[in-house]
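Geometric and topological summary
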Amino acid sequence: MTEVEVVVDFPTAHERIPVPLAMTCQEAPEAVSSVSKMAYQTLQQEYLQIPVVTRAYTTACVLTTAAVQLEIITPFQLYFNPDLILKNYQIWRLFTNFLFFGPVGFNFLFNMIFLYRYCRMLEEGSFRGRTADFVFMFLFGGLLMTIFGIFVSLVFLGQAFTIMLVYIWSRRNPNVRMNFFGLLNFQAPFLPWVLMGFSLLLGNSIIVDLLGIAVGHVYYFLEDVFPNQPGGGRWLRTPSIIKMLFDTPEEDANYNPLPEDRPGGFAWGEGQRLGG
């Protein structure tokens, strides 16, 4: 066998090491800038692929929480207060109480994940191509929740609104099997009740969950159940002005929407259709 001797000749302190593939001090910032620009463009593209209503609502929730964390605003400027709304004309409280989920922590992240997940699945699923109807569902649910909220003295209704979205999705997908934290296996209609039980274990009040379930059931009954009953009919009709503002032309038939049976990313709340 032929032996090959490898000689490494170290340069002196006065010699420059020729590294053709290395970046000079001038090129390094440009490369970092290029990578950052590509990352930003990718993030922007992913963000813009989120359906418009889900994108708008989740963004508003995150920005509101960030503003509170940075002490730009306080929760006292956001909470639901009928007296301040009626007497001081602080109309914004009708909307801002749905945008704040508390300080950044486990509860906030938990709510944001469920809000984004099930809001998007509804918008890309049963409300696909029906943005106006989806917005009307938001308005109807928010109005009904605000009325009920007066009697149960709740100051922030965002969590209840999330439970409403979860409830409507779960009733429209009754055959989806769910797994919660790898501990419980059940079918989708039980998901809101499982979340309520989890909230109870954390020491939270279940009034919020019950309110979300109640409002979700009212919408589901009026939209999906009552019209199919003998003598029933559609009581909920999206106003023409909302349709004019939000309905879009017919979409590409080849578009592949987010699969509702595997929305992806998390073991808890993940579903699989029976027989799949």
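For the structure itself, consult the block above.
What you are looking at is a predicted structure, and each value in this text was computed from that prediction instead of being measured.

Reading the values: rules and limits
Residues numbered from 1 in each chain as written. Predicted model: local features only at pLDDT ≥ 70, side-chain atom pairs only at ≥ 80, totals over all residues. Heavy atoms only, no water. Helix = DSSP H or I, 4+ residues; strand = E, 2+ residues; numbered from the N terminus. Contact = heavy atoms within 4.5 Å. Areas by Shrake-Rupley, 256 points an atom, 1.4 Å probe, with all protein chains shown as cover. Buried < 20%, exposed > 50% of the residue type's maximum accessible area, 1.4 Å probe, protein only. Core = buried A, V, L, I, M, F, W, Y, C linked by side-chain atoms within 4.5 Å. Phe/Tyr/Trp six-rings, centres within 6.5 Å; stacked < 30°, edge-to-face > 60°. Lys NZ or Arg CZ within 6 Å of the ring centre and 35° of its normal.

Another aspect to go through is the overall build of the chain. Across its full length, the chain holds 10 helices and three strands. Beginning at the N terminus, the succession of helices and strands in the chain can be written as α-α-α-α-α-α-α-β-β-α-α-α-β. Contacts in the chain between residues far apart in sequence, at least 24 positions, make up 66% of those at least 6 positions apart. Accessible surface, the chain: about 17,200 Å² in total, of which carbon and sulfur atoms supply 64%.

Here the focus is the environment of S240. Note that S240 resides in helix α10 (residues 240-246). C-alpha separation for the pair S240 and A132, spaced 108 residues apart in sequence, amounts to 9.1 Å.

With that settled, the discussion passes to unusual backbone geometry. Located in the positive-phi region is E71, a residue other than glycine, with phi close to 60°. Take E71: its relative accessible area is 70%, and that puts it in the exposed class. Located in the positive-phi region is Y89, a residue other than glycine, with phi close to 55°. Note on placement: Y89 falls in the loop between α3 (82-87) and α4 (93-96).

Looking now at the side chain of T64. Along the chain, T64 falls in helix α2 (residues 52-69). The contact partners of T64, leaving out residues within four places of it in the chain, are I73, L78, L99 and F100.

Let's shift gears to the nonpolar core. Among the nonpolar cores identified, the biggest contains 54 residues, and Y57, M137, F138, M145 and L165 are the most heavily contacted of them. Residue assignment for this core shows that the elements contributing at least two residues are α2, α5 (106-124), α6 (131-152), α7 (158-172), β1 (176-180), α8 (191-201) and α9 (207-225). Residue contacts for M137: discarding those within four places in its chain leaves F127, M164, L165, I168 and Y219.

Let's shift gears to the packing of aromatic side chains. Under the criterion given, the structure shown has 15 aromatic pairs. Residues F127 and F134 carry aromatic rings whose centres are separated by 5.0 Å and whose planes lie at 45° to one another, so their mutual orientation is tilted. Given a relative accessible area of 1%, F127 falls into the buried group. Take F134: its relative accessible area is 0%, and that puts it in the buried class. Each ring, one from F140 and one from Y219, has its centre 6.1 Å from the other, and the planes form 50°; the classification is tilted. Placement of the pair is F140 in helix α6 and Y219 in helix α9, with a sequence separation of 79 residues. Among the residues examined, F140 registers a relative accessible area of 17% and is labelled buried. Given the relative accessible area of 3%, Y219 is considered buried. Following the ring pairs from residue to residue traces out a cluster consisting of Y57, F98, F127, F134, F138 and F161. We note R55 situated over the ring of Y47; from NZ or CZ to the ring centre the distance is 5.8 Å. Sitting over the ring of Y79, R93 keeps its end group 4.9 Å from the ring centre.

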